[in-house]
Amino acid sequence: MVEAKLDQGKGVVATILVQKGTLKVGDIVVAGAAYGKVRTLVDDKGKALKEAIPGMPVVILGLSLAPEAGDVFSVVENEKTARDIAEYRERRIREKNVVLSTRSLENLFGEAAGTNAKELPVIIKADVQGSVEAIAGSLAKYSGDEVMVRVLHSGVGGITESDVTLAKATGAMIIAFNVRAAPKAKELAAKEKISIRYYSIIYNVVDDVKAALSGMSYRDWE
């Protein structure tokens, strides 16, 4: 997989490079924790295709969420198999993130001991990778001796149950930039009283985080 983004009108748009076999419209595919049926195949010149052969870069539509860069696409026999694989991978990712993030927080608290440093863990999800990087870069500018921002997890696509579970385990703030929460994730967030902050302007993200680091608890914004 080369890249993926979330288009408000088309859904997840993924650019992939076919390495072996033939990819056809209607194939069921899985990539990381994403899966779906290939609805559309388009070549690098914008021409609609019925199939793609090895060596061809193509754009596909139909995935449930945006895969991570580097995820390998595979064609499977049916949607149930794809869903089972994707859900298993999502659980593994969630469990790994919770463990790693908890360890990171422990390290940060240890480093901050004996100082006046404040630390705010955040989860960033956006419609394109460029926005994720821009937000993370902007927030990093406000990390120093007195304040610390730690990005626990980031990615392209809507807010998932995994994001909410990670926020609950670590006390992180969830930043959603030009994306929304999946229905199940929204239900879980409401149940666990986890705040998801929605944005469309990066400056607003920075302002809210600056306010939190100035002593205002982001849970008071709900």
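Thresholds, definitions, all that
Residues numbered from 1 in each chain as written. Predicted model: local features only at pLDDT ≥ 70, side-chain atom pairs only at ≥ 80, totals over all residues. Heavy atoms only, no water. 1 Å grid on protein atoms, 1.4 Å probe; cavity = no way out; pocket = protein on both sides within 12 Å on 5 of 7 lines; lining within 4 Å. Points joined across faces, edges and corners; volume = space filled by probe spheres on them. Helix = DSSP H or I, 4+ residues; strand = E, 2+ residues; numbered from the N terminus. Nonpolar A, V, L, I, M, F, W, Y, C, P; charged D, E, K, R; others polar. Buried < 20%, exposed > 50% of the residue type's maximum accessible area, 1.4 Å probe, protein only. Pairing = 2+ DSSP bridges. Axes fitted to C-alpha atoms, helices over the stretch in contact; angles between N-to-C directions. Parallel < 35°, antiparallel > 145°, perpendicular 65-115°, else oblique. Left-handed = near helix turned anticlockwise from the far one by under 90°. Contact = heavy atoms within 4.5 Å. Core = buried A, V, L, I, M, F, W, Y, C linked by side-chain atoms within 4.5 Å. Salt bridge = Lys/Arg side-chain N within 4 Å of Asp/Glu carboxyl O. Phe/Tyr/Trp six-rings, centres within 6.5 Å; stacked < 30°, edge-to-face > 60°. Lys NZ or Arg CZ within 6 Å of the ring centre and 35° of its normal.

Q: For this particular structure, what's the right way to read the layout of surface pockets?
A: With a probe scaled to a water molecule rolled over the atoms, the places where space remains empty come into view. Quantified by volume, the largest pocket comes out at close to 660 Å³. Together, 28 residues line the largest pocket, and Ser-64, Leu-65, Glu-90, Thr-160 and Ala-182 are the ones closest to its centre. Taken together, the elements giving at least two residues each to the lining of the largest pocket come down to strand 1 (3–7), helix 1 (79–112) and helix 4 (183–192). The element best represented in the lining of the largest pocket is helix 1, accounting for six residues. Looking at side-chain class alone, the lining of the largest pocket contains 13 nonpolar, six polar and nine charged residues.

Q: In this structure, what is going on with the pairing of strand 2 (residues 11–17)? I would like to understand it.
A: For strand 2, the tally of buried residues reaches five of seven residues, placing the bulk of the element in the interior. Across five bridges, strand 1 lies against strand 2 in antiparallel orientation. Residue pairing for strand 2: Lys-5 is matched across the bridge by Val-13.

Q: Explain the packing of helix 3 (residues 161–170) against helix 4 to me, please; I cannot follow it from the model alone.
A: Helix-helix packing is characterised by the crossing angle of the two axes and by the distance between the axes. Between helix 3 and helix 4, the least distance of the axes is 8 Å, while the angle of their chain directions is 20°. Looking at the two axes, helix 3 sits roughly parallel to helix 4. Here helix 3 runs over helix 4; the crossing is right-handed. Contacts from Glu-161, Val-164, Thr-165 and Lys-168 in helix 3 reach Lys-184, Ala-185, Leu-188, Ala-189 and Glu-192 in helix 4.

Q: Just to check I follow, could you spell out the nonpolar core for this structure?
A: Counting residues in hydrophobic clusters, the biggest one holds 18 residues, and the most contacted among them are Leu-23, Leu-41, Val-58, Ile-60, Leu-63 and Phe-73. Of all the elements in the fold, those that place two or more residues in this core are strand 2, strand 4 (28–31), strand 5 (34–43) and strand 8 (57–63). With residues up to four places along the chain from it excluded, the contact list for Leu-63 reads Val-12, Ala-14, Val-29, Tyr-35, Gly-36 and Phe-73. Met-173, Phe-177, Tyr-199 and Val-206 belong to the second largest nonpolar core, which has 17 residues in total.

Q: Would you mind going over the pattern of salt bridges with me for this structure?
A: When their charged atoms lie close together, side chains carrying opposite charge are able to pair. Across all of its chains, the model carries four salt bridges by this definition. Note that Lys-168 is salt-bridged to Glu-192, the shortest N-O span being 3.2 Å. Of this pair, Lys-168 sits in helix 3 while Glu-192 is found in helix 4, placing the two residues 24 residues apart along the sequence.

Q: Quick question: what am I supposed to make of the packing of aromatic side chains here?
A: The relative placement of two aromatic rings is captured by the distance of their centres and the angle of their planes. Inspection of the entire model under this criterion finds zero aromatic pairs. One residue, Arg-180, lies across the ring of Tyr-198, its end atom 3.8 Å from the ring centre.

Q: Just checking my understanding: could you explain the packing of helix 2 (residues 129–140) against helix 5 (residues 202–213) for this structure?
A: Following both chains from N to C, one finds helix 2 and helix 5 inclined at 35°, their axes separated by 10 Å at the closest point. Along this stretch, helix 2 crosses helix 5, giving a crossing that reads as right-handed. Note on element contacts: helix 5 touches helix 2 through Ile-202, Val-205, Val-206 and Val-209, opposite Ala-134, Ile-135, Ser-138 and Leu-139. Split into classes, the residues belonging to the contact of helix 2 with helix 5 amount to seven nonpolar, one polar and no charged.

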